[in-house]
Amino acid sequence: RGYGVTQAYQGDQKMAASRWLLIGLVYFAGMFIAVQGPINSNLGKTINSPLVAGLISFLVGTLALTVIVVSQDTHREALGKAFSSGEQWYNYLGGFLGAFYVAVIIFTAPVLGMGLIIGVSVAGQITAALILDQIGAFGLQKITITPLKVFGAIMTCCGVAIARWVPEIDNNSNKTTEVAADG
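Residues numbered from 1 in each chain as written. Predicted model: local features only at pLDDT ≥ 70, side-chain atom pairs only at ≥ 80, totals over all residues. Heavy atoms only, no water.

Quick word on a nonpolar patch on the surface
Phase 1: A cluster of nonpolar side chains, Trp89, Tyr90, Leu93, Phe96, Leu97, Phe100, Val104 and Phe138, forms an exposed patch at the surface whose accessible area comes to about 900 Å².
Phase 2: With respect to the helices and strands, Leu97 occurs in helix α4 (residues 94-112).
Phase 3: Residue classification places Leu97 among the exposed residues on the basis of a relative accessible area of 53%. (Patch = residues over 30% accessible without salt bridge, like charges linked within 9 Å, V, L, I, M, F, W, Y side chains within 5 Å. Areas by Shrake-Rupley, 256 points an atom, 1.4 Å probe, with all protein chains shown as cover. Salt bridge = Lys/Arg side-chain N within 4 Å of Asp/Glu carboxyl O. Helix = DSSP H or I, 4+ residues; strand = E, 2+ residues; numbered from the N terminus. Buried < 20%, exposed > 50% of the residue type's maximum accessible area, 1.4 Å probe, protein only.)

Considering the layout of surface pockets
Phase 1: What the largest pocket holds in volume is close to 580 Å³.
Phase 2: Taken together, 21 residues line the largest pocket, and the ones lying closest to its centre are Phe58, Thr62, Leu65, Gly94 and Gly95.
Phase 3: Elements represented by at least two residues in the lining of the largest pocket include exactly α1 (2-47), α2 (50-71), α3 (73-82) and α4.
Phase 4: Among the elements that take part in the lining of the largest pocket, α2 stands out by supplying seven residues, more than any other.
Phase 5: For the lining of the largest pocket, the class distribution of residues is twelve nonpolar, nine polar and no charged.
Phase 6: There is about 220 Å³ of room inside the second largest pocket.
Phase 7: Taken together, Phe100, Tyr101, Val104, Ile105, Thr108, Leu112, Leu116, Ile117, Val120, Ser121, Gly124 and Gln125 form the lining of the second largest pocket.
Phase 8: Mapped by element, the contributors of at least two residues to the lining of the second largest pocket are α4 and α5 (114-135). (1 Å grid on protein atoms, 1.4 Å probe; cavity = no way out; pocket = protein on both sides within 12 Å on 5 of 7 lines; lining within 4 Å. Points joined across faces, edges and corners; volume = space filled by probe spheres on them. Nonpolar A, V, L, I, M, F, W, Y, C, P; charged D, E, K, R; others polar.)

What about the packing of α2 against α4?
Phase 1: Packing of α2 against α4 leaves a shortest axis separation of 9 Å and a crossing angle of 135°. On the basis of their axis angle, the class for α2 and α4 is oblique. Regarding α2 and α4, the two cross each other, and that crossing is right-handed. Of α4, the residues touching α2 (which contributes Pro50, Leu51, Ala53, Gly54 and Phe58) are Gly95, Gly98, Ala99, Val102, Ala103, Ile106 and Phe107. (Axes fitted to C-alpha atoms, helices over the stretch in contact; angles between N-to-C directions. Parallel < 35°, antiparallel > 145°, perpendicular 65-115°, else oblique. Left-handed = near helix turned anticlockwise from the far one by under 90°. Contact = heavy atoms within 4.5 Å.)

Some points on unusual backbone geometry
Phase 1: Positive phi outside glycine occurs at Asn48, with the angle close to 65°.
Phase 2: Looking at the element boundaries, Asn48 is found in the loop between α1 and α2.
Phase 3: Assessed through its relative accessible area of 69%, Asn48 is described here as exposed.
Phase 4: The residue Phe138 is not glycine, and still its phi comes out positive at about 55°.
Phase 5: Its place among the elements puts Phe138 in the loop between α5 and α6 (147-182).

Here's the deal with the packing of aromatic side chains
Phase 1: This model, assessed by the stated rule, comprises three aromatic pairs.
Phase 2: A centroid spacing of 5.6 Å and a plane angle of 85° characterise the contact between Tyr27 and Phe28, whose relative ring orientation is edge-to-face.
Phase 3: For Phe28, a relative accessible area of 46% puts it in the partly exposed group.
Phase 4: Here a set of aromatic residues connected by ring pairs shows up, and it is made of Trp89, Tyr90 and Phe138. (Phe/Tyr/Trp six-rings, centres within 6.5 Å; stacked < 30°, edge-to-face > 60°.)

Some thoughts on the pattern of salt bridges
Side chains that differ in charge, positive against negative, can pair when their charged atoms come close.
Phase 1: All chains considered together, the criterion is met by one salt bridge.
Phase 2: One salt bridge in this structure joins Asp73 and Arg76, with 1.9 Å as the shortest N-O distance. Taken as a pair, Asp73 and Arg76 lie in helix α3 at a separation of three residues, close to a single helical turn.
Phase 3: On the accessibility criterion, Arg76 (39% relative accessible area) is partly exposed.

Regarding α5
Phase 1: Here α5 is 22 residues long and its end C-alpha atoms lie 31 Å apart, about the 32 Å a rise of 1.5 Å per residue gives.
Phase 2: Along α5, the residues that are buried comprise Met114, Leu116, Ile117, Gly119, Ser121, Ala123 and Leu130.
Phase 3: Gly136, located one to two residues past α5, shows a positive phi value of around 65°. (Expected span 1.5 Å × (residues − 1).)

Right, here's the structure in full:
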């Protein structure tokens, strides 16, 4: 009996460790999103077409995924089922949503900067995630929105505002001090 408890405890430890590994993976993927925007924007400037830059970004991603899918039997089987399984039409919109996001980032990066873009993007993602969880959209488990979660979303928005506007206020106060010292 004690052995089963030890196994369960070790299983919980492994699950907790793998959960932290997955969180770390998501963290780095988020960092890559921040890097992707200026890379795509630079390409758009170089070729004088932000939309073609977005297309190239998706083509490279498609090529990478194609290599993975074609190289493994289970993925090839799933590809065959993808268009014959009678899926709901909205389950195929992920690529459109991703293309919209990439295009918006490419257009806005030179003007807004990646810090503001990512902050506002995360705030939008949290807002949508709370709503999707609340209604159990797209087969998600229903998770109730609580006042604490709403507070967290509001704090995220406040963090974006601080990250965006406080440096300007600090810079302006430094300029005033410098002008006064020079005068």
